[in-house]
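For reference, the chains in residue letters:
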Amino acid sequence: MRTEVVSEPGHIERPNEDFAAVAVPASGQGGCLVVLDGVTPPATGTGCLHSVPWFTARLGGSLTELTVSAPDLTLREILGQAIARTAHSHVQTCELSHVRTPQATVILARWSPKTVEYLVLSDSVLLLEVADGSVVPVLDDRLARLPRAALADEALVDATLRNQEGGFFTAAADPSVAGRAVTGILPRGEVRALAALTDGAARWVETFGEGDWAQCLAVVRKEGARALVDRVRALETADREHRLRLGRSKTHDDATVVYAEL
């Protein structure tokens, strides 16, 4: 098995809000990957004493432990339990009902000798290279399907769309959101490789249009995860002045790539 993990903050002076992990059980008969993209908090606050990196570390750690140690649980059950654990750790000090309480996108994948299971919540991307060599993107596209005009006002998004029916969902303090995740299961023999990307790394396809998902996975497989992040950084820097592709988005976002050949 070959695995790679690269996670880089968008700015050297800001902490990385992403989380990434790969775990292989002692039996050597399977493994898992976990990728979270923490949602950058607003200047007005979140009702929480803790930072987004604190939240993603807690949630990511619980997800990694449970995904490896609890094969009897589904990935949705694991996500629900991990959210509940994390919420319990700061419910006494923080206003967890606040719409901007720390939250994150989620990718989980778990493989055994027989199956490959996956879960995606919000706008990170999981790529599956299947047996015939084609690449299947697993996307939770609820955010992408919303009109751009509806996302222009952050306060309106928080009031009407964030973690609400007809909007989009992230992992925050409500375990029931796990039921909203996109999930699936495939025979182990049908999956050659997995690549999990936060949206900062997925910009190579989604923002700059440098290739499709199959070409993106090919870059990671042939050149490495670092090469994809480096390509994104070069494109961001070139677009910084005229912002033809980035628009109002931050120039550099946290970028994480996790790759596993099965």
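Relevant structure appears above.
Rules used in this analysis
Residues numbered from 1 in each chain as written. Predicted model: local features only at pLDDT ≥ 70, side-chain atom pairs only at ≥ 80, totals over all residues. Heavy atoms only, no water. Helix = DSSP H or I, 4+ residues; strand = E, 2+ residues; numbered from the N terminus. Rg over C-alpha atoms; globule rule 2.2 N^0.38 Å. Buried < 20%, exposed > 50% of the residue type's maximum accessible area, 1.4 Å probe, protein only. Contact = heavy atoms within 4.5 Å. Areas by Shrake-Rupley, 256 points an atom, 1.4 Å probe, with all protein chains shown as cover. Lys, Arg positive; Asp, Glu negative; His and termini not counted. Charge placed at Lys NZ, Arg CZ, Asp CG, Glu CD. Pairing = 2+ DSSP bridges. Axes fitted to C-alpha atoms, helices over the stretch in contact; angles between N-to-C directions. Core = buried A, V, L, I, M, F, W, Y, C linked by side-chain atoms within 4.5 Å. Salt bridge = Lys/Arg side-chain N within 4 Å of Asp/Glu carboxyl O.

A.B. asks: Explain the overall build of the protein residue by residue, including any values.
C.D. replies: Tallying secondary structure elements over the protein gives 6 helices and 10 strands in all. For 262 residues, the compact-globule formula gives about 18 Å, and the C-alpha radius of gyration of the protein, at 18 Å, lands near that figure. Its C-alpha atoms put the protein at 50 × 45 × 35 Å along the principal axes. The buried share among the 262 residues of the protein stands at 51%. Relative to all contacts within the protein whose residues are 6 or more apart in sequence, the contacts with residues 24 or more apart total 70%. Put simply, the protein shows about 11700 Å² of open surface, and 52% of that area lies on carbon and sulfur atoms. Across the protein, the 26 positively charged side chains and the 34 negatively charged ones have centroids separated by 1 Å.

A.B. asks: I'd love a proper account of the environment of leucine 194, names of residues and values included.
C.D. replies: Tracing the sequence through the fold places leucine 194 in strand E9 (residues 191-197). The exposure class assigned to leucine 194 is buried, which follows from its relative accessible area of 0%.

A.B. asks: If you had to explain the sheet that holds strand E7 (residues 135-139) to someone new, which residues and values would you point to?
C.D. replies: The 5 strands are arranged E1-E10-E9-E6-E7 in an open sheet whose pairing can be described as antiparallel. Sheet topology places strand E1 (2-8) and E7 at the edges, where each strand pairs with a single neighbour. Geometrically, the sheet is characterised by an average inter-axis angle of 15° between neighbouring strands, direction not taken into account. Pairing analysis gives 5 bridges linking E9 to strand E10 (residues 255-261), with the strands arranged antiparallel. What sits directly across from leucine 197, in E10, is valine 257. Packed on one face of the sheet, helix H4 (residues 199-206) meets strand E6 (125-130), E9 and E10 and runs near 80° to E10. Lying on the sheet, helix H6 (residues 225-239) is in contact with E1, E9 and E10; it crosses E1 at an angle near 30°.

A.B. asks: Account for unusual backbone geometry, naming residues and giving values.
C.D. replies: Positive phi is not limited to glycine here, since serine 122 has a value of about 75°. When you line up the elements, serine 122 lands in the loop between strand E5 (115-121) and E6. One non-glycine residue, asparagine 163, lies in the positive phi region at around 55°. Its location among the elements puts asparagine 163 in the loop between helix H3 (154-160) and strand E8 (182-187).

A.B. asks: Give me the lowdown on the nonpolar core, citing residues and values where you can.
C.D. replies: General note: in soluble globular proteins, nonpolar side chains tend to be found buried as a group. Of all hydrophobic cores here, the largest spans 26 residues; its most connected members are Leu36, Leu59, Leu63, Leu79, Val106, Leu108 and Leu121. Elements that contribute at least two residues to this core include exactly strand E2 (18-23), strand E3 (31-38), helix H1 (52-69), helix H2 (75-88), strand E4 (104-111) and E5. Leucine 63 has contacts with Val34, Leu36, Ile78, Leu79, Ala82, Val106 and Leu108, leaving out every residue within four places of it along the chain. With 23 residues, the next largest nonpolar core counts Ala225, Leu228, Val232 and Val257 among its residues.

A.B. asks: Go over the environment of glutamate 13 with me, naming the residues and quoting the values.
C.D. replies: With respect to the element layout, glutamate 13 can be found in the loop between E1 and E2. Between the alpha carbons of glutamate 13 and valine 229 there is a distance of 18 Å; along the sequence they are 216 residues apart.

A.B. asks: Describe the side chain of serine 62, listing the residues and the values that go with them.
C.D. replies: Mapped onto the elements, serine 62 comes out in helix H1. For serine 62, the contacting residues outside a window of four places in its chain are Ala82, Arg85 and Thr86.

A.B. asks: An account of the environment of glycine 166 is requested, with residue identities and associated values reported.
C.D. replies: Structurally, glycine 166 can be placed in the loop between H3 and E8. In this structure the C-alpha to C-alpha distance between glycine 166 and leucine 143, which are 23 residues apart in sequence, comes to 9.7 Å. The residues contacting glycine 166, other than those within four sequence positions of it, are Leu146 and Leu161.

A.B. asks: Please give an account of the pattern of salt bridges that cites residues and values.
C.D. replies: Per the stated rule, a full pass over the model turns up 19 salt bridges. The shortest N-O distance in the salt bridge between glutamate 17 and arginine 14 comes to 3.5 Å. In this structure glutamate 17 comes out as buried when scored by relative accessible area, which is 5%. For arginine 14, a relative accessible area of 31% gives the class partly exposed. Between aspartate 140 and arginine 142 there is a salt bridge, with its nearest N and O atoms 2.9 Å apart. Owing to a relative accessible area of 7%, aspartate 140 belongs among the buried residues under this scheme. The class for arginine 142 is buried, based on a relative accessible area of 18%. Salt bridges linked by common partners bring Glu8, Arg203, Arg226, Asp230, Arg233 and Glu236 together as one network.

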